[in-house]
Amino acid sequence: MSIVIDKSGPFTHGPNSVQRTMFTVLAALAPATLYNLWLFGLPAIFLFLVTMAACALCEAACIRISGGNPDRALGDGSVAITGWLLALSLPPWAPWWVAVVASVFAVCLAKHAFGGLGQNVFNPAMVGRVVVLVSFPLQMTSFVTPKPLFTPGSPGLAESLTITFGRGFTLDGISTASPLGFIKTELSKGVPVTQSLSSFPSLGDMMIGFHPGSMGETAVPLILLGGLFLMWRKIISWHIPVSMLATLFLMGTIFSTLDPARHTSGMVQLLSGASFLGAFFIATDYVTSPVSKSGQLAFGFGVGLLTWIIRTYAGYPEGVAFAVLLMNALTPILDQHFRPRVFGRTRKGEPLPVRGDK
Amino acid sequence: MKLFPILGGIHPEYRKELTSEKAIVALPLPKTLYLPLQQHMGAPANTTVNVGDTVKKGQLLAKAQGAISAALHAPTSGTIAAITEMTAPHPSGLPQLTIVLDSDGKDEWAEPMPVIADPFAASANEIKARVAEAGIVGMGGATFPSAVKLGLGNQHKLEILLLNGAECEPYLTCDDRVMREFAEQVVDGARIMAHALGAPKVIIAVEDNKPQAVDSLKAEAAKTPNVDVVGVPVQYPMGAERHLTQAVTGRETPARKLTADVGVVVHNVATARAVHQAVRLGRPLLSRVVTVSGGAVAEPKNIEVPLGTRVSELLDFCGGVSAAAKRIISGGPMMGQPLPSLDVAVVKGTSGILALTQAETNEHAPSPCIRCGSCVTYCPCGLVPVEMASYIRNDKLDLAAKIGVQDCVSCGSCSYICPSHIPLVHFFNYAKGKIAALDRERRKTEQTKSLVEAHNARLERQAQAKREAAAKAKAAKEAAEAAAAAQAQTNSAGGANA
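What counts, and at which threshold
- Residues numbered from 1 in each chain as written.
- Chains lettered and ligands numbered in written order.
- Predicted model: local features only at pLDDT ≥ 70, side-chain atom pairs only at ≥ 80, totals over all residues.
- Heavy atoms only, no water.
- UniProt positions renumbered as here; feature names shortened; annotations may be inferred.
- Domains from an automatic or database assignment.
- Contact = heavy atoms within 4.5 Å.
- Buried area = accessible area lost by both parts, 1.4 Å probe.
- Salt bridge = Lys/Arg side-chain N within 4 Å of Asp/Glu carboxyl O.
- Polar contact = N/O pair within 3.5 Å; in protein donor to acceptor, adjacent residues only side chain to side chain.
- Nonpolar A, V, L, I, M, F, W, Y, C, P; charged D, E, K, R; others polar.
- 1 Å grid on protein atoms, 1.4 Å probe; cavity = no way out; pocket = protein on both sides within 12 Å on 5 of 7 lines; lining within 4 Å.
- Points joined across faces, edges and corners; volume = space filled by probe spheres on them.
- Helix = DSSP H or I, 4+ residues; strand = E, 2+ residues; numbered from the N terminus.
- Disulfide = S-S within 2.5 Å.
- Buried < 20%, exposed > 50% of the residue type's maximum accessible area, 1.4 Å probe, protein only.
- Phe/Tyr/Trp six-rings, centres within 6.5 Å; stacked < 30°, edge-to-face > 60°.
- Lys NZ or Arg CZ within 6 Å of the ring centre and 35° of its normal.

Per an unreviewed UniProt entry, chain B goes by Ion-translocating oxidoreductase complex subunit C and derives from Paramagnetospirillum magneticum. As recorded by UniProt, the Subunit (unreviewed entry) comment attached to chain B reads in full: "The complex is composed of six subunits: RnfA, RnfB, RnfC, RnfD, RnfE and RnfG." For the record of chain B, the UniProt heading Sequence similarities (unreviewed entry) holds the text "Belongs to the 4Fe4S bacterial-type ferredoxin family. RnfC subfamily."

The name given to chain A in an unreviewed UniProt entry is Ion-translocating oxidoreductase complex subunit D, with Paramagnetospirillum magneticum as the source organism. Its UniProt record, at the heading Sequence similarities (unreviewed entry), says of chain A: "Belongs to the NqrB/RnfD family." Listed under Subunit (unreviewed entry) in UniProt, the entry text for chain A is "The complex is composed of six subunits: RnfA, RnfB, RnfC, RnfD, RnfE and RnfG."

Structure representation (structure tokens):
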């Protein structure tokens, strides 16, 4: 019996751990991911594996350079989440080197240059995505219409290898825009939203994710399911997702009512792009979002608002990644200004008045 | 009865089933008892016996000294074998003056204190004096001298005596058993205390996971008006004084104030029982109920233990401790303290002795903070532990103080829930100790400074007086000389004239 008396209590600890938290998030992502890998076929699977492997290698290299133990760090599961989310944010048929460049920036720059797990200011996966989006806009905005595995249109093994590792897919032949990108382009040509919406996927197709888009963002019901699972497991709370989605929906609804020719409805805003993936899995990243509930509400509101503004007024059809990164930069300030009220004190920190004396 | 929600809080695994159905058993009298003079908050007691004295059960061994202190009595009859420094039942392991009492095995009572026949006709001071005389301290673990707390009615208008039977710490069932088995004594003691406090109402709050305790107290309370028994939600730290007050009355105690400032005084149920025994039976506090539990204990039990019994003897009575023991804790696993050795004594505040295995403590090396915010969500005091810890790590104690580290009650909810297993409470206790030490230092410096200033001022005044005296003397001398010279001149002139 070797008794230890080195610290203060408590001398019991809950079952939670970093590893358990991370793997719960991965489990929550799994259904939407599997569905979308099926939807976009073998090239998507290859790209997913390349991204995961590249991120893991970057993590191991960075930790080895800084003198840590790579085995333990890889075991905590944090880099698996980065790699996974990064893969989900890429066009499913993007070439391998896009994924590798994104991984290097995500893990080495966004995470380890800031000091590693828990120290980064910006969401690593979103940094990786934005770097390749601004560097390789052609590859990053070329999407394909879903061609599910085991269906006639789905590319075979050789063709898939060429798509991911070879010369890429012939952009002119099968490349298409995401719904948001399509509307943006039409709008710039002077076609009102009301008209371009006619060639938009039906709301039903939007719901089941059967439309062009990034690898993991289209299957809204499955992402929602994963998000609800995380809430049930108390990994995330409702504050960020609800405030982000509500803001996005309200902005869409208000402006499409005022000017339907220039604005998509709240429902389209919600169901397209990375709205749900961003709300439940990206904006909720612990490290880069505020720690208090009130701060999280403000953060979610900011992400929703910025997403809508970027989608509407900026050059990019999709705004979640930019919005998240911009709000990440505000997180330290939100943390300073949004704290719970201390028990027995006023919001300003003064002791509550004693009954009777005012 | 309407209840009010409290902030945050956690649901640690309860593990009370190990002992909750074990009726209180008495420990056979140990051969030797070790009685530290400090078993309470405040100044240590002052010995009134000498080595070699024979004492009877209940005889005073040490009396209270100072405003906050408590008397100590002989738990059995025997001889004072030594009064010596011994390891205190505190994680520091520092030595403390201890009376060693060799039992003579006869357990003979001294002349008992007179019974107060009708305590409700007695004055508040009489009750207070008796409680002080009996050496009763807060038995929930805080060990604040009870008589001092019973005097709160003098300065505050009190409405409620809130009797704390929450017992929210995992493992501990000593209060549960006391409430079940001695409900009558608990309710009676509570009524006596309320009388002394001048509080018109008694509310006994018990966590909902102790239905039998609630039932037996309710049956007892039904016999008298003004005593209510209420089940409160199972939510750690419900037993924290301010939180229990909030949950039951909705009143939030202002920071740096007492619950008495919102009209409520909180006492533990076991304290009420001790008050009953002191007032109705004339019996000082000689023993207490201790829960001995944990995965490394062969037969967990609830035991009525004479004060001064060594922990090792108590554990032996429970079949011993297995090699799997990782930590030996006095108190509960959330707020209890690790014991430096098994040779230390059971004291008035020892609610539990736990021998925990690695699986039970679930301790792991800390990993980096991932800012999950759990510590913020679950803090019952509305604090931001993640931020406080980072300030303390960077030696910015003033910033940690500014965001409320001194408002932390060290309940351990944040550490318990932290996925990175960061010992947050450890940081906060360190900071609180350091801030208090710095404050003392600052006050001392200021005091020294003002003393030095006063000293300098005095020297200056003396020098000034000296200078003035010298100047006066000089002026007088000059005047005298001038007068003499004038006189001489006059004389010589006169002489010349003459």
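Asker: How should I be thinking about the domain arrangement of chain B in this particular structure?
Answerer: Reports of interface size often rely on the accessible area that becomes lost once the parts have come together. Residues and elements named next belong to chain B. Each assigned domain of chain B is listed with its residue range as follows: domain 1 (16-107 + 114-303) and domain 2 (365-489). Here domain 1 and domain 2 have C-alpha centroids that lie 37 Å from each other. The interface is formed by five residues belonging to domain 1 together with six residues belonging to domain 2. Of all residues in domain 1, Y236, H243 and R256 give up the largest surface area on contact with domain 2, accounting jointly for 69% of the area buried on that side. For the pair domain 1 and domain 2, the number of links is zero salt bridges. Applying the counting rule to domain 1 against domain 2 returns two residue pairs in polar contact (both at pLDDT 80 or more). Residue composition of the side of domain 1 that touches domain 2, grouped by class: three nonpolar, one polar and one charged.

Asker: Honestly, the layout of surface pockets in this entry has me stumped. Any pointers?
Answerer: Taking a probe equal in size to a water molecule and rolling it over the atoms shows the remaining empty space. When its volume is computed, the second largest pocket comes out at roughly 990 Å³. Taken together, 39 residues make up the lining of the second largest pocket; nearest its centre are N16(A), R233(A), K234(A), Y378(B) and I417(B). Of all the secondary structure elements, the ones that give two or more residues to the lining of the second largest pocket are α1 (18-65), α12 (220-232), α13 (239-258) and α16 (293-313) of chain A together with α10 (374-378) and α13 (413-417) of chain B. Of the residues that constitute the lining of the second largest pocket, the class distribution is 16 nonpolar, 16 polar and seven charged.

Asker: How should I be thinking about the UniProt feature "coiled-coil region" (unreviewed entry) in chain B in this particular structure?
Answerer: According to UniProt, the positions carrying the feature "coiled-coil region" (unreviewed entry) are residues 442-486 of chain B. Taken end to end, residues 442-486 of chain B comprises 100% helix and 0% strand; its first and last C-alpha atoms sit 64 Å apart.

Asker: Just to check I follow, could you spell out the state of the cysteines for this structure?
Answerer: What makes a disulfide is a covalent bond joining the sulfur atoms belonging to two cysteines. All names here are of chain B. Going through the model one piece at a time under the given rule, you end up with zero disulfides over all chains. Unpaired in terms of disulfides, C381 finds its nearest cysteine sulfur in C379, a separation of 4.8 Å. Sulfur of C411: no disulfide; nearest cysteine sulfur belongs to C381 and is 6.2 Å away. For C411, a relative accessible area of 7% gives the class buried.

Asker: Explanation requested: the UniProt feature "binding site: [4Fe-4S] cluster 2" (unreviewed entry) in chain B in the structure shown.
Answerer: Residues and elements named next belong to chain B. Following the UniProt record, the feature "binding site: [4Fe-4S] cluster 2" (unreviewed entry) maps to C379, C408, C411 and C414 here. The largest pairwise C-alpha distance within this set of annotated residues, which runs over 36 residues, is 10.6 Å, so the set is compact in three dimensions. With respect to the secondary-structure elements, C379 resides in the loop between α10 and α11 (385-393). What makes C379 buried here is its relative accessible area of 9%. The residue C411 is located in the loop between α12 (397-402) and α13 in this model.

Asker: How do you make sense of the packing of aromatic side chains when you look at a structure like this?
Answerer: The geometry of two aromatic rings is summed up by the distance between their centres and the angle between their planes. All names here are of chain A. In this structure the tally under the stated criterion is ten aromatic pairs over all chains. Where W97 meets F136, the ring centres are 5.0 Å apart and the plane angle is 85°; that geometry is what we call edge-to-face. In this pair, W97 sits in helix α4 (residues 96-111) while F136 sits in the loop between α5 (124-135) and α6 (137-140), placing the two residues 39 residues apart along the sequence. Here W97 falls in the partly exposed class, since its relative accessible area comes to 29%. With a centroid separation of 4.5 Å and an interplanar angle of 40°, the aromatic rings of F255 and W308 are classed as tilted. Here W308 lies in helix α16 and F255 lies in helix α13, a separation of 53 residues in the sequence. Judged by relative accessible area, which is 3%, W308 ranks as buried. One aromatic cluster is present, built from ring pairs that chain together F255, W308 and Y313. Over the ring of W232 we find R233; its NZ or CZ atom is 5.1 Å from the centre of that ring.

Asker: What's the story with the environment of F317(B) in this structure? I'm lost.
Answerer: Residue and element names in this part refer to chain B. Along the chain, F317 falls in helix α8 (residues 311-317). Along the sequence, F317 and E299 sit 18 residues apart, while their C-alpha atoms lie 8.6 Å from each other. Excluding its chain neighbours within four sequence positions, the residues that come into contact with F317 are V25, A26, L27, P28, K301 and I303.

Asker: Where do I start with the interface of chain A and chain B in this structure?
Answerer: Chain A puts 46 residues into the contact, and the matching count from chain B is 72 residues. Taken together, both faces of the contact between chain A and chain B bury some 4800 Å²; the carbon and sulfur share is 58%. If you sort the residues of chain A by the area they bury against chain B, F11(A), H13(A) and F343(A) come out on top, with a joint share of 19%. Summed over the shared surface of chain A and chain B, the result is four salt bridges. Across the pair R341(A) and E252(B) runs a salt bridge whose closest N-O atoms are separated by 2.9 Å. If you list the elements that add at least two residues to the side of chain A that touches chain B, you get α1 and α17 (320-337) of chain A. Here the side of chain A that touches chain B is built from residues that sort into 21 nonpolar, 15 polar and ten charged.

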